[in-house]
Structure formats: structure tokens, C-alpha cells
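Overview (structure and organization)
One letter stands for each residue in the lines below.
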Amino acid sequence: MGKTLAEKILSNKSQTDVRAGDIAIAWVDLAFAQDTTGPLTINEFESSFNSLADKDRTVLFLDHAAPSPNCQLSTDHILLRNFAKKTGCLLSDVGEGICHQIVAESMARPGDVIIGADSHTVTAGGLGVFATGMGSSDVAVAMAMGKTWFRVPESVKVIVSGNFQKGVFAKDLILHLIGLIGADGATYQSLEFAGDTIDRMSISERLTVANMSVEAGAKAGLFAADETTRDYLTKQGRSGDYQPISPDADAEYVKTIIIDASTLEPTVSQPHTVDNTALARELKGVRIHQVLIGTCTNGRIEDLAVATSMLKGKKSHPETRLIIAPASRNILLQAIKAGYIQTLVEAGAIILPPGCGACLGLHQGVLGDSEACLSTANRNFKGRMGNPKGFIYLGSPAAAAATAITGEITDPREVL
Amino acid sequence: MLKGKAFKFGDNISTDHIVPGRLAHLRSNLPELAKHVLEDADPTFATRVKAGDFVVGGSNFGLGSSREHAPLVIKMAGVSAILAKSVARIFFRNAINLGLPVLVCDTDKIDDGDTIEVDMEAGTIQDITNGNKVSFKPIPPFMSAILAEGGLIPYIKKYGDFKL
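Residues numbered from 1 in each chain as written. Chains lettered and ligands numbered in written order. Predicted model: local features only at pLDDT ≥ 70, side-chain atom pairs only at ≥ 80, totals over all residues.

**What about the overall build of chain A?**
Keep this limit in mind: Counting from the N terminus, the helices are DSSP H or I runs at least four residues long and the strands are E runs at least two residues long. For this measure, only C-alpha atoms enter the radius of gyration; the expected value for a globule follows 2.2 Å times N^0.38, where N is the number of residues. Whether a residue is buried, exposed or partly exposed is read from the other C-beta atoms within 10 Å of its own C-beta, which are placed from the backbone; 20 or more gives buried, 12 or fewer gives exposed, and intermediate counts give partly exposed. This entry defines residue contacts through backbone-placed C-beta atoms, with two residues in contact when those atoms are within 7 Å.
A tally of regular secondary structure across chain A gives 14 helices and 18 strands. Relative to a compact globule of 416 residues, whose C-alpha radius of gyration would be 22 Å, chain A shows 20 Å and is just as compact. For the C-alpha atoms alone, the extent of chain A along its principal axes is close to 55 × 50 × 40 Å. For chain A, the proportion of its 416 residues judged to be buried stands at 64%. In chain A, 77% of the contacts between residues at least 6 apart in sequence involve partners at least 24 apart.

Given below as C-alpha cells:
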């Protein structure tokens, strides 16, 4: 019997033949933490260990409070910077961008095992990486020992075929899937994506889908590494990091879900759970006070390109704040070069530095009581954007741009 | 035998309900952060919970972030175990890594405010107030070994490695 992507990667990295349900002790190719989980990780590491297994494959990202809004978080940043200086591990300082984006751009290699003290570590699954979020204790141990344990997950195969209609994007696909199977529909399992729609997807789109696999409870969201992956890594100057990886044809799946991409419509998650989905057109008239385009889900150059094309020559609604946060410094630079930033600012946008702050309610873009936001992020839990009295809707960058123009939830096909 | 009062919560209690991102500045001041435990689900919980009590959730308890602070502040509140119909993966692993038991069982049989008794050996939970008895799913052996040592760091300190 053949192997799923999860079984293949974890067998390889544990040097054993493991199957779903087995425990694997696997080598970790990259272990990281960010500024809100890093201090606890470092405290746990220093309580018990003296040295890093591999300083060049250990990273601390300062991205959640970037730049820091208060003295406590600034002091946490000092702790992380000092640890990096002391140990020689990599540091991605304020302004570089969101950990998951930088891991994709510069660090993730197909076939790797990556663990991060951040639940959206699954993002790198878009590049054929077994990547998953863990807590500070697990990451501290992996930093010290270079390995961790996994229960090899059962896999669900998601086969997507057909072409998206105009105005429908990868984000709509993953929101639709989560609505279909629920916020715990893939708990402890790996979602493995296949089909002609997936084969045609750019890496940016694959990262969007992989990023949100955790919102269905999944341990990983995995894509084969193919020619598209090779082209992406080559463009990043990392052609040597490429290796093809795909599941065996006779791999065993606990379930297969078939989705016809051509039937999908722009989809929106309503407060306060991601699986509470509706079609954008069904929510027409819902007043939106703030639109956020960015985050590790949809803050890439392709996302900004869609938003820019829709907002060009238009103005955001006078009673709707339009906030844009490119996911990394590289993306911000590309957006400046392409003229997107000029167009977006002319359309009324507020540009934030690359980072996570607005998405998790840490700073910049905190909602007021009873305010509603349409965000391109991955989570709409109560209190997520800094106020339990706020309401968060999730959608694609196109739905976000359309909504910014009208001030109410809008199907992007009305504006495109 | 663990004995205490049940504090019931609904389905999908997220890590943002337990320790929201807006309190990220308190994460290096754990005693202060712990005063806000589960604040966005029940603002009165932190002042009512006593050592030995239980957090009783519905399905998909602890979904969301990987922040280990979520089970950590629940543990700091003195909670002896979390009971839920189902648990999100990262939260489950984090709680066990901190030595905090998470027991998967039919929590519909337990009422808010009831006194309950957990027999970790027998795998049963007795609701003394309403008379219901439920059994919980055994914790997988590998995690059980970590829990037995009081968490992952003490486990690694003791064995020096993962023991299959």
C-alpha cells in the first residue's frame, strides 16, 4: 500500500516506515517561535537546555507586535533579540514581515518537517512541507533536540476540479471547505489537496489554502511539490531547495471530498466561527466599518494586485476604514514598485507595516464596540480583533475590496 | 481521585476566549495574565474558580492559536482537569505538555456548578450532584507517559529523549 504525503514525509524524517496512527520521532528541519510565543519558549528552553540543535534552523520572528505598541512587548522583543545574539539563531526583526510568509519565501523546502509556535505554521504545506503549529514546550524541546514526536495523521483527500468563476478565488474554496466539514471537520487529520484546479494554482493560492487548514482542525494542509513549486523556489533564488514530492497513487485516505470549483461563489465566514459560512451575496446590506487586507492568509502580492485592480480610480466608502498590511518587506517593496501602494493610498487605504498586529487585535485596527470588519484573515473568533464586542467577517481580497468601496458586504462580481 | 466543582462552557471555546491577543503584553507577567483566564467566555470565572475545580467544555475546546498560555492560565487557576466532548489538537498537546489532564467525555451529562469526582485510574467521572456517571476516552499511551511525568519538559529531563 502506498503512502500519503504525511506518511511519506514523516517516514523519511523518522527513518522508519510509519503509517497513519503510528507515533513517529521525526527530525525537525526548522523550529521557530514568534514574539508572543517566543518568550515562554525561551524560558522553557533555558530552564532545561544549554544549546540549540542547529542555530541555523532555529528562528525567532518579531512580527505580532511590529513595531511594539507598549513597553511590555518591547521588553519581550529585547529578550528575543538577546537570545538570538547569545545563541546565534536567526532573528527576523520588526519590519521583515509575518513568520509564515518569510518561511515560505526563504526557508521552507519540499519534504521538510517544520514546527512553529504559531498555529498557522501549516501555511508551508503549500510547498509540500509537513508543517504544523505547536506550543512553546514542544518548540523548546525541538530547538534543543532537533526532533519531535508526531502521531502520523490520517489523511483526507480533497479533490478540486474545474475553473473558478470570475470573482472566485482560492480563499473562497477554503472557506467553502471549512463550512462544509466544520471547524473540527479534520481534527488530528491531514488535509491533502489534489485535482486539476489545485495543479493550476499558484504558490500564493496554495499557501492561502494550506494556511486555513488549521481552521478545520487539521494538523497539516498538504500539497504536492511540482513544477509550480520549482518555479516559485527558483524565483526566490532557491532552486537547489526543490525536490518533487507527491503521494502514491494507491495511498489510503480516510475520506475523499470532491469539489467542483466552477460551482463555487464568493464566500464569507460570519461571526464568530470560521465554519459559519454564507455566500457574499446573501450578506448584502451588512454594514462594515473596517476592511483589512493582509495577514498570512492573503497579504501576498497577488492579493494586493487583485485589490488594487478593483480600487483603481475609486474611493473607499467614507465610513469604512480600509487597512492594508503587506505580509512581508519583500511584498511591500514589490507593491511599491508596481505602483499598487500609490493606487491604494489614493483610494483611501491606510498602509500598515508588514506584520500580524491587526489580525489578532494586538494593535492597529482594533474594533470599537459593535463595529464590524471584513478581513482577509483566517480567524473571526469573538475578541479576535481586540474587542469581544466586535464582529468579524472573513473573505477574499476581492470581496474585501468590493466591500471597502460600498461600505457593506458586497459580492466582488458586482464591482469587477 | 480528583474532586471539585464543574464550570460549564459551550462549544468552540477558542484560545481567544481563554487568553485574547489584546492581552499579549501580559504574557511575560503570568500571574497578571492568569487573572483574565477565560474572560471572554465568562468574565466572572477567574474570581469564582477554586483549586481543584474543573473546566467543562463542549465540542472542539481550545481551537485556534498555539499559545501555550491558554492551558497554562487554566492550570494556574488551580483547575485539576479539563473535560470536553472534543478538543482541538494543539490545545490538547499543550495541556498534556504542561501536565494538565484533558479528558474527552460526554459533558452533556454534567451540569454547571455540580460537584464531580474524577477517577483517573478507572477512567470515570461521577457527577455527585446529579448522579450521572460517564467514562472518558483513555489518553493515548505516548501522551499518558508525558502526563505521568508532569509534562514534556520534566519527561525529557527524566528520560533524556523520547521513549517509544
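After that view of the structure, there is still more to cover.
**Observations concerning the sheet that holds strand E5 (residues 115–119) of chain B**
All names here are of chain B. Using the following cut-off: When DSSP locates at least two bridges between a pair of strands, those strands are taken to pair. Lines fitted to C-alpha atoms define the axes, with helix axes restricted to the stretch in contact, and inter-axis angles between N-to-C directions lie between 0 and 180 degrees.
Across the sheet, seven strands lie side by side as E4-E3-E2-E1-E5-E6-E7; this open sheet has mixed pairing. Looking at the sheet topology across the chains shown, the edges are occupied by strand E4 (102–104) and strand E7 (133–135). For this sheet, the mean angle separating the axes of adjacent strands, direction not counted, is 30 degrees. Pairing analysis gives three bridges linking strand E3 (residues 81–84) to E4, with the strands arranged parallel. Note that in E4 the partner of Ile-82 across the bridge is Val-102.

**Focus on the domain arrangement of chain A**
Residue and element names in this part refer to chain A. Convention followed: An automatic or database domain assignment is the source of the domain bounds shown. All residues other than Ala, Val, Leu, Ile, Met, Phe, Trp, Tyr, Cys, Pro, Asp, Glu, Lys and Arg, Gly among them, are scored as polar; the first ten of these are nonpolar and the last four charged.
What the domain assignment lists for chain A is domain 1 (7–260) and domain 2 (267–414). Just the C-alpha atoms count here: the centres of domain 1 and domain 2 sit 24 Å apart. In this assembly, 33 residues from domain 1 lie in contact with 32 residues from domain 2. Contributions of two or more residues to the side of domain 1 that touches domain 2 are made by helix H4 (99–107), helix H6 (170–181) and helix H8 (203–211). Broken down by element, the side of domain 1 that touches domain 2 gets its largest block of residues, six residues, from H6. Per-class residue counts for the side of domain 1 that touches domain 2 are eleven nonpolar, 15 polar and seven charged.

**Some thoughts on the environment of Asn-12 of chain A**
For Asn-12 of chain A, the position within the fold is in helix H1 (residues 5–14). Measuring from C-alpha to C-alpha, the distance between Asn-12 of chain A and Gly-111 of chain A comes to 8.5 Å, with 99 residues separating the pair along the chain.

**Regarding the interface of chain A and chain B**
Contact with chain A, which involves 43 residues of that partner, is made by 38 residues of chain B. At the level of secondary structure, the elements contributing two or more residues to the side of chain A that touches chain B comprise strand E1 (23–27), helix H2 (38–48), helix H3 (71–87) and helix H5 (136–145) of chain A. At five residues, H2 of chain A tops the list of elements feeding residues into the side of chain A that touches chain B. Here the side of chain A that touches chain B is composed, by residue class, of 16 nonpolar, 18 polar and nine charged.

**So, the sheet that holds strand E5 (residues 113–117) of chain A**
Residue and element names in this part refer to chain A. Pairing within the open sheet is parallel, and its five strands lie in the order E4-E3-E2-E5-E6. Only two strands of the sheet have a single neighbouring strand rather than two, namely strand E4 (90–92) and strand E6 (130–133). Strand-to-strand twist across the sheet, computed as the mean angle between neighbouring axes with direction ignored, equals 20 degrees.

**Concerning the packing of H2 of chain A against H5 of chain A**
Residues and elements named next belong to chain A. Stated formally: Oblique is the label for every angle not falling under 35 degrees (roughly parallel), over 145 degrees (roughly antiparallel), or within 65 to 115 degrees (roughly perpendicular). Two helices cross in a left-handed way if the nearer one is turned anticlockwise from the farther one by less than a right angle. They cross in a right-handed way if the turn is clockwise.
The geometry of H2 relative to H5 is characterised by a closest axis approach of 8 Å and an angle of 55 degrees between their N-to-C directions. By the criterion of interaxial angle, the relationship of H2 to H5 is oblique. Note that H2 runs across H5; the crossing there is right-handed. On H5, the residues touching Leu-40, Thr-41, Glu-44 and Phe-45 of H2 are Ser-136, Ser-137, Val-139, Ala-140, Met-143 and Ala-144.

**Some words on the pairing of strand E10 (residues 220–223) of chain A**
Residue and element names in this part refer to chain A. Neither face of E10 is exposed, since Ala-220 and Leu-222 on one face and Gly-221 and Phe-223 on the opposite face are all buried. Here strand E9 (residues 190–194) pairs with E10 via four bridges, running parallel. Residue Ser-190 lies in a different strand from E10, and its bridge partner there is Ala-220.

**Digging into the nonpolar core**
Counted only if it meets this: Here a nonpolar core is just a set of buried residues of the types Ala, Val, Leu, Ile, Met, Phe, Trp, Tyr and Cys, joined wherever their C-beta atoms sit within 7 Å.
Judged by nonpolar contacts, the single largest core of 193 residues is most densely connected at Val-291 and Ala-401 of chain A together with Ile-82 of chain B. Here this core spans two domains, since at least three of its residues come from each of domain 1 (7–260) and domain 2 (267–414) of chain A. The residues touching Val-291 of chain A, leaving out its near neighbours within four places in the chain, are Thr-320, Leu-322, Ile-323, Cys-373, Leu-374, Ala-400, Thr-403 and Ala-404 of chain A.

**Observations regarding the packing of H6 of chain A against H8 of chain A**
Residue and element names in this part refer to chain A. Relative to each other, H6 and H8 sit at 20 degrees, their axes nearing to 9 Å. The angle between H6 and H8 falls in the class roughly parallel. In the crossing of H6 with H8, the sense of the turn from one axis to the other is right-handed. Packed against H6, whose contacting residues are Ala-170, Lys-171, Leu-173 and Ile-174, the element H8 presents Glu-205, Thr-208 and Val-209 at the interface. When the residues that make up the contact of H6 with H8 are grouped by side-chain class, the tally is four nonpolar, one polar and two charged.

**Side note on H5 of chain A**
Helical periodicity: at 3.6 residues per turn, an α-helix aligns residues three or four positions apart in one direction. All names here are of chain A. Burial within H5 is extensive, with nine of its ten residues counted as buried. Buried residues of H5: Ser-136, Ser-137, Asp-138, Val-139, Ala-140, Val-141, Ala-142, Met-143 and Ala-144, and no others. The first or second residue beyond H5 is Gly-146, which carries a positive phi of 75 degrees.

**Comments concerning the environment of Ala-41 of chain B**
Residues and elements named next belong to chain B. With respect to the helices, strands and loops of the structure, Ala-41 is situated in the loop between helix H2 (30–34) and helix H3 (45–48). Residues Ala-41 and Ile-18 lie 23 residues apart in sequence; the distance between their C-alpha atoms is 7.3 Å. Residues contacting Ala-41, with those up to four places away along its chain left out, are Phe-9, Ile-13 and His-17.

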